[in-house]
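Take a look at the letters that make up each chain.
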Amino acid sequence: MAKSILEEKAYHLLSSKEEAPSYTEEKTEAISIDEEPTEEEANKSTMWQTVCNLVSDLEGTGLLGLPYVLKEGGWLAVVMLTVVPFMCFYTGKILIECLYDKNNKDEKVRIRRNYRDMAEASSPKYGGIIVVAIQVVELTLLASLYLVLCGHLIHAMVPVLSLNAWMLISAVVGLPSIFFKHLSQVAWISLISLIALTIAIIIVLGYGFSQSLQWDIRAIALWDIKGAPISLAIITFSYICHPCLPAIEASMKDPTKYNAMLGITYAFVFMIKIVFSVMGLFTFSTNINEVITNSLPKGKLHILVNSFLIINVLFSYPFRVMTIIHCVEDSVVPESCRSKFNDILWFVGIRVLINFITLLPAIMVPHFALMMSCVGSLTGMSVVFVLPCFFHLRLKSGELEWYQKGLDYFLIGFGVIVAIIGLILSGRALI
């Protein structure tokens, strides 16, 4: 059924080459019921394709470090593992609200595309530059962690080459899979990665339950003053998807289902994380590796699980790289500069360059759990808690109730404090 003129304006989504619509702009032609969808509309994702992309992203690298996190953080880490997804859902919801505004007919119109647009509207002088820098660093380090994890998994099975060599090979192997144009195409790759991850999780859970007679609740400490901030940073990292949420929402065929999509994703992800991490700690309490599957007894089971996880990582990597490309094209390199290059040269060149850039942090900081903590502290707290709440307060202040403002201020303070403490402790541990 064709959308009415008002509905089309209400949920108008900007492509990377479109200008924000004016409130006074009028639509002169209605859409015919029989009109064929444009190529852009045909390449948009359904809600369930979007869920696959986002679950694949959230259940990637961070999941395998969570049992180690519970050992370091104790029961506080268990509590935060439960609370953080609710906080992340809230900030993910208000982040997309800040992309929209109302026109003089009280219609919702998407007038901003990304973090940069929101930052420039909130703090015109330097906001855009600062936020883009944080976002690019965040996305690059997240992609690097996939290479770190892949290197750890392969090196544990085949230690004939160094960890850095396996990370380099992983980057080369993953390069062909990033040559996609649309997130709807990547969704099918993400589905394969999600299936591989699910199989690996089922195998690990099965092994864990087979050892349930040896479980001891005392394996979870009550409190560790040194481990808690690092653990909280890693937990936050494991729930980070905010840098790609504007692109995700823009890629949906029906953006009105965004909140439902985000809620389903976080609920599913939370259930997997809590079961997997608690069971992993109980099972391997005396021998917990930073990557929990490397705690499995050496043999066929260990090889089988790591093989599925390698598939998961290699097929999750394209989504991470594409989010960096979207950020670079939307916020860093203007269309006027890109138009100077041949389309094919730009398409191939930007992908090869970003693939190489994501490899550098992986080789420089090959410690999986500590790198997660640094990423979570350095940029994760900003993109998950500080920036969404800051945008919300600046752009929606007149529409907010007192308790909404109070929650936003609390999350900003929480993010800043945890970021400072976590960065100091994880940085000291790395050094």
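Heads up: the structure comes first, above all this text.
Because the structure is predicted, anything quoted here is derived from the model rather than measured. (Residues numbered from 1 in each chain as written. Predicted model: local features only at pLDDT ≥ 70, side-chain atom pairs only at ≥ 80, totals over all residues. Heavy atoms only, no water.)

Q: Please provide a residue-by-residue account of the packing of helix α5 (residues 75-97) against helix α12 (residues 258-283), values included.
A: Between α5 and α12, whose axes approach to 10 Å, the crossing angle comes to 165°. With respect to α12, the axis of α5 lies roughly antiparallel. Once α5 is placed against α12, the crossing between them reads as right-handed. From α5, V78, L81, T82, P85, C88, F89, G92, K93 and I96 reach across to α12, where they touch Y258, N259, L262, G263, Y266, F270, K273, I274 and S277. Partitioning the contact of α5 with α12 into residue classes produces 11 nonpolar, 5 polar and 2 charged. (Axes fitted to C-alpha atoms, helices over the stretch in contact; angles between N-to-C directions. Helix = DSSP H or I, 4+ residues; strand = E, 2+ residues; numbered from the N terminus. Parallel < 35°, antiparallel > 145°, perpendicular 65-115°, else oblique. Left-handed = near helix turned anticlockwise from the far one by under 90°. Contact = heavy atoms within 4.5 Å. Nonpolar A, V, L, I, M, F, W, Y, C, P; charged D, E, K, R; others polar.)

Q: Go over the state of the cysteines with me, naming the residues and quoting the values.
A: If you walk through the whole model with that rule in mind, you get 0 disulfides. Not part of a disulfide, C98 finds its nearest cysteine sulfur in C389, a span of 9.2 Å. On the basis of relative accessible area, C98 is assigned to the buried category, the value being 0%. (Disulfide = S-S within 2.5 Å. Buried < 20%, exposed > 50% of the residue type's maximum accessible area, 1.4 Å probe, protein only.)

Q: Summarise the pattern of salt bridges; cite the residues concerned and give the values.
A: Following the criterion strictly, the structure yields 4 salt bridges and no others. Between E97 and K93 there is a salt bridge, with the nearest N and O atoms lying 2.7 Å from each other. Of this pair, E97 and K93 both sit in helix α5, 4 residues apart, which is roughly one turn of that helix. Accessibility expressed as a relative area gives 28% for E97, which makes it partly exposed. D117 is paired through a salt bridge with R113; the nearest N and O atoms lie 3.5 Å apart. We classify D117 as buried; its relative accessible area is 18%. (Salt bridge = Lys/Arg side-chain N within 4 Å of Asp/Glu carboxyl O.)

Q: Give me the lowdown on the packing of helix α4 (residues 66-73) against α5, citing residues and values where you can.
A: Angle between the axes and distance between the axes are the two parameters that describe a pair of packed helices. Viewed as axis vectors pointing N to C, α4 and α5 meet at an angle of 130°, and their least axial separation amounts to 6 Å. Regarding the angle of α4 to α5, the classification is oblique. Judged by residue contacts, L66, V69, L70 and G73 of α4 engage W75, L76, A77, V78 and L81 from α5. Partitioning the contact of α4 with α5 into residue classes produces 8 nonpolar, 1 polar and no charged.

Q: Mind laying out the packing of aromatic side chains, listing which residues take part and the relevant values?
A: Taken as a whole and assessed by the stated rule, the structure comprises 6 aromatic pairs. By the ring-pair criterion, three or more aromatic residues cluster together here, those being Y115, F390 and F391. Directly above the aromatic system of Y100 lies the positively charged group of K108, at a separation of 4.9 Å from the ring centroid. (Phe/Tyr/Trp six-rings, centres within 6.5 Å; stacked < 30°, edge-to-face > 60°. Lys NZ or Arg CZ within 6 Å of the ring centre and 35° of its normal.)

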